[in-house]
Amino acid sequence: GLSTIWNEHSDLFHLHEEKYPDISRADFWVMAANAIIRITSIDNSLDLKPTFYWGRKEANECPGSAKRLPTTENCQQVEGVFLERMGLKW
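Residues numbered from 1 in each chain as written. Predicted model: local features only at pLDDT ≥ 70, side-chain atom pairs only at ≥ 80, totals over all residues. Heavy atoms only, no water.

A. Structural context of the environment of Ala33. If you trace the backbone, Ala33 turns up in helix 2 (residues 25–40). Since its relative accessible area comes to 37%, Ala33 is described here as partly exposed. When the C-alpha atoms of Ala33 and Leu48 are compared, they prove to be 9.6 Å apart, with 15 residues separating the residues in sequence. (Helix = DSSP H or I, 4+ residues; strand = E, 2+ residues; numbered from the N terminus. Buried < 20%, exposed > 50% of the residue type's maximum accessible area, 1.4 Å probe, protein only.)

B. A look at a nonpolar patch on the surface. Together, Leu12, Leu15 and Tyr20 line one region of the surface with nonpolar side chains, adding up to about 210 Å² of accessible area. Residue Tyr20 is classed as partly exposed on the basis of its relative accessible area of 31%. (Patch = residues over 30% accessible without salt bridge, like charges linked within 9 Å, V, L, I, M, F, W, Y side chains within 5 Å. Areas by Shrake-Rupley, 256 points an atom, 1.4 Å probe, with all protein chains shown as cover. Salt bridge = Lys/Arg side-chain N within 4 Å of Asp/Glu carboxyl O.)

C. Representation of the confidence of the model for the chain in the model. Mean pLDDT over the chain stands at 85; residues scoring 70 or higher make up 99%. Within the chain, helix 3 (residues 75–85) has the poorest average pLDDT of any element, 84, and helix 1 (residues 11–19) the best, 94. (pLDDT = per-residue confidence, 0-100.)

D. Representation of the pattern of salt bridges in the model. Under the defined criterion, the tally for this structure stands at 2 salt bridges. Notably, a salt bridge pairs Arg25 with Glu58, separated by 2.6 Å at the nearest N-O pair. Of this pair, Arg25 sits in helix 2 while Glu58 sits in the loop between helix 2 and helix 3, and the two are 33 residues apart along the sequence. By relative accessible area, which is 25% here, Arg25 ends up partly exposed. Judged by its relative accessible area of 41%, Glu58 is partly exposed. We note a salt bridge from Asp27 to Arg56, for which the minimum N-O separation is 2.6 Å. One end of the pair, Asp27, is in helix 2; the other, Arg56, is in the loop between helix 2 and helix 3, with 29 residues separating them in the sequence.

Shown next as structure tokens:
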């Protein structure tokens, strides 16, 4: 799980603790993901900074959230969640 990459041995963990302790972990993870998307896009063209909203709450647990995600049983579950329910496209 997350504890294997988010712990006292992780560079991201220390970056958050030392430079951004006032930002929730949830906001920090979204900011980090947005930064990776930008720096790996062609000519840094996918800058999601204008669409970022602050205020995600921290939670060590989120009961019931796993029920919203597909299981690994088959592709139809993945399509049902991401294509049909969320309206994403391939």
